[in-house]
Amino acid sequence: ELQGYDRVFAASPTWAEAQSRAWGVEVQPLLQCTDAALFHPGRAEPESGPAVLFVGNTRHSSRPVVDAALLAGADLALYGTGWEETPAAGRVVGESVANDQLGVLYAGAGVVLNDHWADMRELGFVSNRLFDAVACGARVLSDRVAGIEALFGDSVQVFTEADDVARLLASPERSWPALDERLRNAERVRNEHSFDRRAEQLLAAALSVRGGA
């Protein structure tokens with residue numbers, strides 16, 4: 001199927017490299033990204049929102065980062081569906097957030113929680129939530145995915161077990177860098193990983209194909 005296309009992209013560098021070797025077809029990385037007009041530090045004053053924030057649905061299974069935050073006794077605010085029959089039911093603030101308001105929540109939160117589908121994590125597909133939250137200058141707590149440190153610096157701290165979540169959330173001021181460093185990481189993500197930058201990459205690829213025709 002891929003041999004019928006002039007260019008092939010995937011949102012994981014490690015998966016792209018592995019499949020290029022396996023299939024004999026070049027697969028180029030093209031990562032998830034953020035809307036720099038909606039996700040930036042100016043959307044809200046730091047620390048003006050929830051102490052710990054998660055925006056996502058249950059996926060009809062447990063969400064490890066939410067389970068661990070509850071176990072740690074975190075002051076969690078949760079937006080999403082499917083939580084009614086879970087221990088997190090009492091933490092639900094709303095079932096959804098308008099996309100144009102999501103940056104307000106991320107920029108104002110004390111810590112933004114994130115986790116991945118298991119196959120995304122194992123194959124190196126980095127969640128778009130990380131790009132959005134870091135672009136807002138947020139502290140982010142996530143499971144580990146290949147390349148996460150290089151992309152986001154210390155704005156994203158990673159956990160492998162529930163004890164890590166409890167330790168990191170116990171003292172966000174010590175566990176994450178100061179605001180000025182997070183703002184630098186935000187600016188870099190907004191410059192390097194915006195929808196505009198991805199569009200430039202796709203346009204350059206299309207023009208290259210057209211020029212070689």
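Read on for a plain summary of the structure. (Residues numbered from 1 in each chain as written. Predicted model: local features only at pLDDT ≥ 70, side-chain atom pairs only at ≥ 80, totals over all residues. Heavy atoms only, no water.)

### Structural notes on the overall build of the chain
And then number 1: Within the chain, the regular secondary structure consists of ten helices and eight strands.
And then number 2: A total of 213 residues make up the chain; the buried ones form 46% of that total.
And then number 3: Put simply, of all contacts in the chain between residues at least 6 apart along the chain, 61% involve residues at least 24 apart.
And then number 4: Only carbon and sulfur atoms are counted for the fraction: they give 50% of the accessible area of the chain, which is about 10900 Å².
And then number 5: A gap of 4 Å separates the mean positions of the 19 positive and 30 negative side-chain charges of the chain. (Helix = DSSP H or I, 4+ residues; strand = E, 2+ residues; numbered from the N terminus. Buried < 20%, exposed > 50% of the residue type's maximum accessible area, 1.4 Å probe, protein only. Contact = heavy atoms within 4.5 Å. Areas by Shrake-Rupley, 256 points an atom, 1.4 Å probe, with all protein chains shown as cover. Lys, Arg positive; Asp, Glu negative; His and termini not counted. Charge placed at Lys NZ, Arg CZ, Asp CG, Glu CD.)

### Quick look at the nonpolar core
And then number 1: Grouped together as the largest cluster of nonpolar side chains are 28 residues, with contacts concentrated most on Leu53, Tyr106, Val112, Val140, Phe152 and Val156.
And then number 2: For this core, the secondary-structure elements that each account for two or more residues are β3 (52-55), α3 (99-108), α5 (128-135), α6 (148-152) and β8 (156-159).
And then number 3: What tyrosine 106 contacts, discounting residues up to four positions off in sequence, is Phe39, Leu53, Val55, Val112, Arg129, Asp132, Ala133, Cys136 and Ala138. (Core = buried A, V, L, I, M, F, W, Y, C linked by side-chain atoms within 4.5 Å.)

### Structural notes on unusual backbone geometry
And then number 1: Of note, the phi angle at glutamate 47 is positive, near 65°, even though the residue is not glycine.
And then number 2: One can find glutamate 47 in the loop between β2 (28-29) and β3.
And then number 3: On the accessibility criterion, glutamate 47 (44% relative accessible area) is partly exposed.

### Notes on α3
And then number 1: Within the span of α3, buried status applies to Leu102, Gly103, Leu105, Tyr106, Ala107 and Gly108.
And then number 2: Summarising the contacts, the buried residues of α3 are in contact with β3, β4 (76-79), β6 (111-114) and α5.

### Structural notes on the side chain of aspartate 143
And then number 1: By the element assignment, aspartate 143 lies in strand β7 (residues 140-143).
And then number 2: A distance of 2.7 Å separates polar atoms of two side chains, one belonging to aspartate 143 and the other to histidine 116.
And then number 3: A distance of 3.3 Å separates the side chain of aspartate 143 from the side chain of arginine 121, its partner in a polar contact.
And then number 4: If near-sequence neighbours (up to four positions away) are discounted, aspartate 143 is found in contact with Asn114, Asp115, His116, Arg121, Ile148, Val158 and Phe159. (Polar contact = N/O pair within 3.5 Å; in protein donor to acceptor, adjacent residues only side chain to side chain.)

### Some remarks on the packing of aromatic side chains
And then number 1: Under the defined criterion, the tally for this structure stands at five aromatic pairs.
And then number 2: Seen from their ring centres, tryptophan 15 and phenylalanine 125 are 5.9 Å apart, and the 55° between their planes marks the pair as tilted. Taken as a pair, tryptophan 15 in helix α1 (residues 13-23) and phenylalanine 125 in the loop between α4 (118-123) and α5 lie far apart in primary sequence, 110 residues in all.
And then number 3: Ring centres 5.0 Å apart and planes at 75° place the aromatic pair phenylalanine 131 and phenylalanine 152 in the edge-to-face group. Of this pair, phenylalanine 131 sits in helix α5 while phenylalanine 152 sits in helix α6, and the two are 21 residues apart along the sequence.
And then number 4: Take phenylalanine 131: its relative accessible area is 0%, and that puts it in the buried class.
And then number 5: We classify phenylalanine 152 as buried; its relative accessible area is 0%. (Phe/Tyr/Trp six-rings, centres within 6.5 Å; stacked < 30°, edge-to-face > 60°.)

### Remarks on the packing of α5 against helix α9 (residues 179-192)
And then number 1: Where α5 meets α9, the axes come as close as 8 Å, and the angle between the chain directions of the two elements is 125°. The angle between α5 and α9 falls in the class oblique. Only Asn185, Ala186, Val189 and Arg190 of α9 make contact with α5, whose side of the interface consists of Phe131, Val134 and Ala135.
And then number 2: Residue composition of the contact of α5 with α9, by class: five nonpolar, one polar and one charged. (Axes fitted to C-alpha atoms, helices over the stretch in contact; angles between N-to-C directions. Parallel < 35°, antiparallel > 145°, perpendicular 65-115°, else oblique. Nonpolar A, V, L, I, M, F, W, Y, C, P; charged D, E, K, R; others polar.)

### Here we look at the side chain of serine 142
And then number 1: The residue serine 142 is located in strand β7 in this model.
And then number 2: Relative accessible area serves as the criterion here: at 0%, serine 142 is assigned to the buried category.
And then number 3: Within the structure, the side chain of serine 142 is placed 2.9 Å from the side chain of asparagine 114, a separation counted as a polar contact.
And then number 4: Serine 142 has contacts with Asn114, His116, Leu130, Ile148, Val156, Gln157, Val158 and Phe159, leaving out every residue within four places of it along the chain.

### Things to note about the state of the cysteines
And then number 1: For the coordinates displayed, the defined rule picks out zero disulfides.
And then number 2: Summary of cysteine pairing: cysteine 33 is not part of a disulfide, and the nearest cysteine sulfur, belonging to cysteine 136, is at 14 Å.
And then number 3: With a relative accessible area of 9%, cysteine 33 lands in the buried category. (Disulfide = S-S within 2.5 Å.)

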